[in-house]
Amino acid sequence: GAVVSQHPSRVICKSGTSVKIECRSLDFQATTMFWYRQFPKQSLMLMATSNEGSKATYEQGVEKDKFLINHASLTLSTLTVTSAHPEDSSFYICSATMVGLYNEQFFGPGTRLTVL
Amino acid sequence: GQNIDQPTEMTATEGAIVQINCTYQTSGFNGLFWYQQHAGEAPTFLSYNVLDGLEEKGRFSSFLSRSKGYSYLLLKELQMKDSASYLCAVRNNNAGNMLTFGGGTRLMVKP
């Protein structure tokens, strides 16, 4: 159990376009989902915390108008990178929290975004 | 704020034991996680410590000392497939239980 999926797994787009990434908890309800960004050979950096039915909480330095997060249901959160630029190229990973022994976060497989 | 430090890289030999250290400074400590991440993949959960002491799980063990702000991950009987990044993450209950990750330790296991 506790499987998190992400779609797409890989996307290449032109500069100036918008890209939507979906994160789904497949077999549990996740009241909280997290979005991370990871540049090559670096660790995960939290971008925002997303709670179902409310506005996302963004970390300092993350532009909320550029990275739109919608947590429409207990099993789906989406991240839209608007007007993407080459510097937005990164590995985007979502995670979801399930109430349990450790209240641990379960990570999706990640989405590799390349902006040309 | 939070500060989490771990070595950037380590090298060890197949069959050996390696210890990866993590030190942290945080308020509202609510647990420390270790994750394994292979290149291009998402992190996978290895261990969780919230009380002082050693948690053993097969070839992997994790230790925590809250008074010292210190944890280590111990890997025994190293295998080539253990070559990966190991991420130390601290949970903060003053910040919605969010995780803050250390920079990760890239472990290379050599024959």
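Relevant structure appears above.
Figured I'd write up the structure that's included with this text.

Details of the interface of chain A and chain B
Tallying the contact residues gives 19 residues for chain A and 19 residues for chain B. For the pair chain A and chain B, the summed buried surface comes to about 1400 Å²; carbon and sulfur atoms form 59% of the total. Where chain A packs against chain B, one counts zero salt bridges. Along the contact surface separating chain A from chain B lie three residue pairs in polar contact (both at pLDDT 80 or more). Looking at the side of chain A that touches chain B, the elements that each hand over two or more residues are strand E4 (32-38), strand E9 (90-97) and strand E10 (105-107) of chain A.

With respect to the pairing of strand E10 (residues 98-101) of chain B
Residues and elements named next belong to chain B. Of the two faces of E10, the one carrying Met 98 and Thr 100 and the one carrying Leu 99 and Phe 101 are both buried. Pairing analysis gives four bridges linking strand E9 (residues 84-92) to E10, with the strands arranged antiparallel. Note on E10: the bridge partner recorded for Arg 91 is Leu 99.

Concerning the environment of Ile12(A)
You can see Ile12(A) is positioned in strand E2 (residues 10-13). Ignoring any residue separated from it by four or fewer positions in sequence, one finds Ile12(A) in contact with Thr114(A) and Leu116(A).

Criteria and cut-off values
Residues numbered from 1 in each chain as written. Chains lettered and ligands numbered in written order. Predicted model: local features only at pLDDT ≥ 70, side-chain atom pairs only at ≥ 80, totals over all residues. Heavy atoms only, no water. Contact = heavy atoms within 4.5 Å. Buried area = accessible area lost by both parts, 1.4 Å probe. Salt bridge = Lys/Arg side-chain N within 4 Å of Asp/Glu carboxyl O. Polar contact = N/O pair within 3.5 Å; in protein donor to acceptor, adjacent residues only side chain to side chain. Helix = DSSP H or I, 4+ residues; strand = E, 2+ residues; numbered from the N terminus. Buried < 20%, exposed > 50% of the residue type's maximum accessible area, 1.4 Å probe, protein only. Pairing = 2+ DSSP bridges.

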